[in-house]
Amino acid sequence: MSKFKPGQTSDRIRKRKSDITRSMLAKADLINLIRTIDDVPSSLELKGNYISEASVYKWSDDKLGDILSFSRNTAYAEHNAQALKVLLKSLKRANDKLAVKQSSKSSKYHHNRDDDALSMLRKENEDLKTALAEVYRSYLQVIDNYEEDKQADESFRSLILEQARVLGKKRLWQVK
């Protein structure tokens, strides 16, 4: 006989549901505090200058309170409908603020030194990747040549030994 009747849920499951709902509201409050990229908590992943809905669902951080990760299906469950509306509104507002800040930065004519350094590092990284690929290809070619030379040497050696066996010790001077 089962412990619960159909339609009943354990206290642990109900507590988890309410914790997730509270976490959704807490995430909405924290996202509402975002004004610039610097305000984004380090535990929340960004895609460029944009906060994705999926990254908000995956976001978990014990230091900021009870910020729990949960699935998209859990977020869209009926009991979380109100909390989801609040979370999505705050996410849209934060992304709008981040987009405005980014467009105002890009409208200026001067470049930031950090952007220049970052682009130089990216170019250097690409150059290093290319150089590494060339070194690896060269290494594989050397290994392949070594194996071919080793096989050729073994073939010549076995041929000479076979010929020496056939001719005998007295006729070895004929092998050149």
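Look up a bit, the structure's there.
Quick summary incoming for the structure in this document. None of these values were measured; they are calculated from a predicted model. (Residues numbered from 1 in each chain as written. Predicted model: local features only at pLDDT ≥ 70, side-chain atom pairs only at ≥ 80, totals over all residues. Heavy atoms only, no water.)

## With respect to the nonpolar core
Put simply, the test is: Put simply, a nonpolar core is a bunch of buried Ala, Val, Leu, Ile, Met, Phe, Trp, Tyr and Cys residues held in one set by side-chain atoms that sit within 4.5 Å of each other. Using a 1.4 Å probe on the protein chains alone, a residue whose accessible area is under 20% of its type maximum counts as buried, one over 50% counts as exposed, and one in between counts as partly exposed. Numbering of helices and strands starts at the N terminus; helices are DSSP runs of H or I of at least 4 residues and strands are runs of E of at least 2.
The biggest cluster of nonpolar side chains holds 20 residues, and the ones touching the most others in it are Met24, Ile31, Ile34, Ile51, Val56 and Leu87. Mapped onto this core, the elements with two or more residues apiece are α1 (11–32), α2 (53–58) and α4 (81–107). If one sorts the elements of this core by residue count, α4 sits on top with six residues.

## Considering the side chain of Asn95
Note the threshold: In this analysis, two residues are considered to be in contact whenever any of their non-hydrogen atoms come within 4.5 Å of each other.
Summarising the element assignment, Asn95 is placed in helix α4. Taking the relative accessible area as the measure of exposure, Asn95 reaches 11% and is therefore buried. In contact with Asn95, other than residues within four places in its own chain, are Tyr50 and Ile51.

## A look at the packing of aromatic side chains
Put simply, the rule reads: For Phe, Tyr and Trp, rings pair up if their centres lie within 6.5 Å, where Trp contributes its six-membered ring, and each pair is then called stacked (planes under 30 degrees apart), edge-to-face (over 60) or tilted (otherwise). In this scheme, the term charge over a ring applies when either NZ of a lysine or CZ of an arginine sits within 6 Å of the ring centre and within 35 degrees of the ring normal.
Overall, the coordinates contain two aromatic pairs when judged by the stated rule. Taking 5.6 Å as the distance between ring centres and 45 degrees as the angle between the ring planes, the aromatic pair formed by Tyr57 and Phe70 counts as tilted. One end of the pair, Tyr57, is in helix α2; the other, Phe70, is in the loop between α2 and α3 (72–75), and 13 residues separate them in sequence. The exposure class of Tyr57 is buried, given its relative accessible area of 4%. Residue classification places Phe70 among the buried residues on the basis of a relative accessible area of 9%. The ring of Tyr76 carries Arg72 above its face, with NZ or CZ at 4.1 Å from the centroid.

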